[in-house]
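Listed here are the chains, written in short residue letters.
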Amino acid sequence: MPSLVAISKIDFPYKTSQQAVKAFARDIFAPSFPGIDRMLDAFDNTEIISRNLCKPLETYLLSHTFREQNLEFIDLTLEYSTQAVAACLAKAGIDKEEIMDVVFVSTTGLATPSPDALLINRMRLNPNANRMSIFGLGCGGGVSGFAKACTLAKANPDARVLFVSVELCSLTFLRDDFSKSNFIGAGLFSDGVAACLIYGDNRNHCGENPGKTGTIRFLANESKLYYDTLPIMGWDFNDKGFKVIFSSGIPALIEANVKEDVAAFLSKHGLHLNDISYFIFHPGGRKVLEAYEKALGIEGDFLRTSREVMREYGNMSSATVLYVLEKFFVHHSGSGYGLMMAMGPGFSSEMVLLAFDE
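Residues numbered from 1 in each chain as written. Predicted model: local features only at pLDDT ≥ 70, side-chain atom pairs only at ≥ 80, totals over all residues. Heavy atoms only, no water.

Draft legend 1. Looking closely at the environment of glycine 185. Note on placement: glycine 185 falls in helix α7 (residues 180-186). Of the residues examined, glycine 185 reaches a relative accessible area of 14% and is grouped as buried. Taking the C-alpha atoms as reference points, glycine 185 and threonine 172, 13 residues apart in sequence, are found 9.6 Å from one another. (Helix = DSSP H or I, 4+ residues; strand = E, 2+ residues; numbered from the N terminus. Buried < 20%, exposed > 50% of the residue type's maximum accessible area, 1.4 Å probe, protein only.)

Next up, the structure:
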């Protein structure tokens, strides 16, 4: 089965405290919201401590056009994805020419040629690499993209697959949009870039990633789209840019469906929920994590790592779950099954079954 060989993530130099972002939001939204001080409690209720931002906080005071936003997305995507990929390849100890497939996921900017082509050109990666660029999966893209990269490695045991997720959510902030959805987004979303290297069965892992003793192997995945939930999450594309759609009904939808969906997925592989030792869940927010906890009813703080990532970085859309995975990859000990899970626009769920080995 395909194995995760290396993973890297970006801690931006402009990482900012949640309290600084809260003060920033107060200055912007106070003229439009008479009860701004009461509303600002939402920033504290997220339990986020710091936010991973791709540029200095004060620059978000400037208005921008859709074109300006997108050009900035392309520039910063190339800058930071190059760093993440270089770090990932260095950890694996392989040359960039050895990459056979590139899977690229993002939902916060547009580019044609697609970002994977720009990345291959910038880094001079293998020009014959197979390419898959995925847009529109939102928060679910980290799990879905990882599954697709592993599926490529499963189909070709000799494969070396590079999976990259770039989400620059902060660039979509609309300076002159005083809607509640824009306000809530300002208190939650951040920026993240992560790169993973996945090998097929025939690749020799010996000598790579020195000091790393455990292995994480891909076993299976499953996607589910919930009918008639299209307005729950997504973008409203307007003349100014990407306007966030983020329904308050998301936690209720998770709580109503997750337990049955997880049980059905695991049963196909002869497993039950109590067989899972590692939970790699996308932390969409405090209420989303609480909905998972209520739905699954597992004793103990089984989402502790997800909560740690949320507190340290904020919600980085598809990249967030890869930051969670990175923590497990570096620090896990022992053997057992793992479950990756994220929800995204559609409304949809994405699951991946993993095997952790010592």
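Draft legend 2. A look at the nonpolar core. Within the largest apolar cluster, 84 residues are counted, with the highest numbers of intra-cluster contacts made by Phe29, Phe146, Leu168, Ile280, Leu325, Met340 and Leu354. Ranked by residue count, the leading element in this core is helix α4 (residues 66-92), at 8 residues. Leave out the neighbours within four places in its chain, and isoleucine 280 touches Ser306, Val321, Val324, Leu325, Phe328, Gly338, Leu339, Met340, Met341, Leu354 and Phe356. Cys169, Phe189, Leu253 and Met343 belong to the second-largest nonpolar core, a separate cluster that totals 35 residues. (Core = buried A, V, L, I, M, F, W, Y, C linked by side-chain atoms within 4.5 Å. Contact = heavy atoms within 4.5 Å.)

Draft legend 3. Main features of the packing of helix α9 (residues 286-296) against helix α10 (residues 304-313). Between α9 and α10, whose axes approach to 11 Å, the crossing angle comes to 175°. Between α9 and α10, the angle falls in the class roughly antiparallel. Residues Arg286, Leu289 and Glu293 of α9 form the contact with α10, whose participating residues are Ser306, Arg307 and Met310. In terms of residue class, the contact of α9 with α10 is made up of 2 nonpolar, 1 polar and 3 charged. (Axes fitted to C-alpha atoms, helices over the stretch in contact; angles between N-to-C directions. Parallel < 35°, antiparallel > 145°, perpendicular 65-115°, else oblique. Nonpolar A, V, L, I, M, F, W, Y, C, P; charged D, E, K, R; others polar.)

Draft legend 4. Region of the structure containing the pairing of strand β10 (residues 241-246). One ladder, built from 6 bridges, connects strand β9 (residues 233-238) with β10; its direction is antiparallel. Among the inter-strand pairings, tryptophan 235 is bridged to a residue of β10, identified as valine 244. Counting the residues in the hairpin turn of β9 and β10 gives 2 residues. (Pairing = 2+ DSSP bridges.)

Draft legend 5. Seen up close, the packing of aromatic side chains. All chains considered together, the criterion is met by 14 aromatic pairs. Centroid distance tyrosine 278 to phenylalanine 356: 4.1 Å. Interplanar angle 20°. Geometry classified as stacked. Here tyrosine 278 is found in strand β11 (residues 276-281), whereas its partner phenylalanine 356 is found in strand β13 (residues 348-357), with 78 residues between them in sequence. As far as the burial class goes, tyrosine 278 and phenylalanine 356 line up, both buried. Note on phenylalanine 328 and phenylalanine 356: the rings are 6.3 Å apart at their centroids and 75° apart in plane angle, and the pair reads as edge-to-face. (Phe/Tyr/Trp six-rings, centres within 6.5 Å; stacked < 30°, edge-to-face > 60°.)

Draft legend 6. Geometry of the sheet that holds strand β12 (residues 336-344). Taking strand neighbours across the sheet as the criterion, the 9 strands line up as β5-β4-β6-β7-β1-β8-β13-β12-β11 in an open arrangement whose pairing is mixed. Only two strands of the sheet have a single partner each, and these edge strands are β5 (130-135) and β11. Averaged over all neighbouring strand pairs, the angle between strand axes comes to 25°, with direction disregarded. The pairing of strand β6 (residues 160-168) with strand β7 (residues 191-199) spans 9 bridges and is classified as antiparallel. Residue pairing across strands places leucine 168 opposite aspartate 191, the latter belonging to β7.

Draft legend 7. Geometry of α9. If you check which residues of α9 are buried, you get Val288, Leu289, Ala291, Tyr292, Ala295 and Leu296. In a view along the axis of α9, the buried residues occupy a sector of 155°, so they form one face of it. Facing away from the buried side of α9 by more than 90 degrees, the exposed set consists of Lys287 and Lys294. Those residues of α9 that are buried are in contact with α8 (250-267), β11, α10 and β12. (Arc of directions from axis to C-beta.)

Draft legend 8. Highlighting the environment of arginine 217. Within the fold, arginine 217 resides in strand β8 (residues 215-225). Among the residues examined, arginine 217 registers a relative accessible area of 26% and is labelled partly exposed. Taking C-alpha positions, arginine 217 is 10.0 Å from glycine 200, a pair spaced 17 residues apart along the chain. Apart from residues no more than four positions distant in its own chain, arginine 217 is found in contact with Met1, Pro2, Ser3, Leu353, Leu354, Ala355 and Asp357. A distance of 2.6 Å separates a polar atom in the side chain of arginine 217 from a polar atom in the side chain of aspartate 357. (Polar contact = N/O pair within 3.5 Å; in protein donor to acceptor, adjacent residues only side chain to side chain.)

Draft legend 9. Geometry of α10. Looking only at α10, the buried set comprises Thr305, Ser306, Arg307, Val309, Met310 and Tyr313. Elements that come into contact with the buried residues of α10 comprise β1 (3-9), β3 (50-51), β11, α9 and α11 (320-331). Glycine 314 sits one or two positions beyond α10 and adopts a positive phi of about 90°.

Draft legend 10. Representation of unusual backbone geometry within the structure. Residue proline 113 is bonded to the preceding threonine 112 through a cis peptide linkage, with omega at 5°. Position of proline 113 relative to the elements: it lies in the loop between β4 (101-106) and α5 (115-123). Of note, the amide linkage connecting glycine 346 to phenylalanine 347 takes the cis form, showing an omega dihedral of -15°. Structurally, phenylalanine 347 is set in the loop between β12 and β13. Positive phi, normally seen in glycine, also occurs at glutamate 47, with a value near 70°.

Draft legend 11. Inspection of the pairing of β13 at higher detail. Among the 10 residues of β13, 9 are classified as buried, and the element is accordingly described as predominantly covered. Across 10 bridges, β8 lies against β13 in antiparallel orientation. Bridged to isoleucine 216 within β13 is phenylalanine 356. Connecting the antiparallel pair β12 and β13 is a turn made up of 3 residues, with glycine 346 showing a positive phi of about 145°.

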